[in-house]
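Reading the structure
Single-letter residue listing:
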Amino acid sequence: MLYFLDTEFNGFEGDLISLALVPEDGDQEFYVSLPLPDELHPWVEQKVIPYLRHVPPALDYELTREHAAQHLAAYLQGDPDPIIVADWPDDLAHFCKLLVTGPGEMVEVPPLRFELRDATGFSAAANSRVPHNALHDARALRAFYLNTEDR
């Protein structure tokens, strides 16, 4: 199954703040927010943090990196062929980095495939119900690609 990915992070090459996966089919969405870094990039503080918790109550909680990685692994376990779709390379990098729990250690996930898709014509800021919130941006990305004929 396809899972549409979005992340929020603390500026260029900054720490992961939140991550969301929205499946192609169904409503079993994944969202996690992580503890905030001590210093926030000014743009992130203004544009991301106010919308961090704008998610359904069942998804509104903060986890440590290790617990977030375990939660992500558990979410993907039931799918024998997950394909993670993103429109930006940093989203995939943050996803993969979250899987690593220590030196030489990672959570157990099924074999994963990744697709970095051309986002020409897509703007999360213009299409998301709550821009700069990973869950809402992932939903908007899913809607864009599922409504695009050239998938």
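Look above for the structure.
A few points on the structure.

What counts, and where the lines are drawn
- Residues numbered from 1 in each chain as written.
- Predicted model: local features only at pLDDT ≥ 70, side-chain atom pairs only at ≥ 80, totals over all residues.
- Heavy atoms only, no water.
- Phe/Tyr/Trp six-rings, centres within 6.5 Å; stacked < 30°, edge-to-face > 60°.
- Helix = DSSP H or I, 4+ residues; strand = E, 2+ residues; numbered from the N terminus.
- Buried < 20%, exposed > 50% of the residue type's maximum accessible area, 1.4 Å probe, protein only.

Brief notes about the packing of aromatic side chains
Per the stated rule, a full pass over the model turns up six aromatic pairs. On the basis of an interplanar angle of 45 degrees and a centroid distance of 5.2 Å, the ring pair of phenylalanine 30 and tyrosine 75 is categorised as tilted. Remark: tyrosine 75 occurs in helix α2 (residues 65-76) and phenylalanine 30 occurs in strand β3 (residues 30-33); sequence separation between them is 45 residues. Owing to a relative accessible area of 2%, phenylalanine 30 belongs among the buried residues under this scheme. On the basis of an interplanar angle of 75 degrees and a centroid distance of 5.7 Å, the ring pair of phenylalanine 95 and phenylalanine 114 is categorised as edge-to-face. With a gap of 19 residues between them, phenylalanine 95 in helix α3 (residues 89-99) and phenylalanine 114 in strand β7 (residues 113-116) connect regions that are remote in the sequence. Judged by its relative accessible area of 0%, phenylalanine 95 falls in the buried class. Phenylalanine 114 gets classed as partly exposed once you look at its relative accessible area, which sits at 35%. Every member of this aromatic cluster is reached through a ring pair, and the members are Phe4, Phe122, Phe144 and Tyr145.

Regarding unusual backbone geometry
With phi around 60 degrees, glutamate 13 is a residue other than glycine that occupies positive phi space. Tracing the backbone through its elements, the reader meets glutamate 13 in the loop between β1 (2-9) and β2 (16-23). At histidine 132, a position not held by glycine, the phi torsion is positive, near 70 degrees. Take histidine 132: it is sitting in the loop between α4 (124-127) and α5 (134-146).

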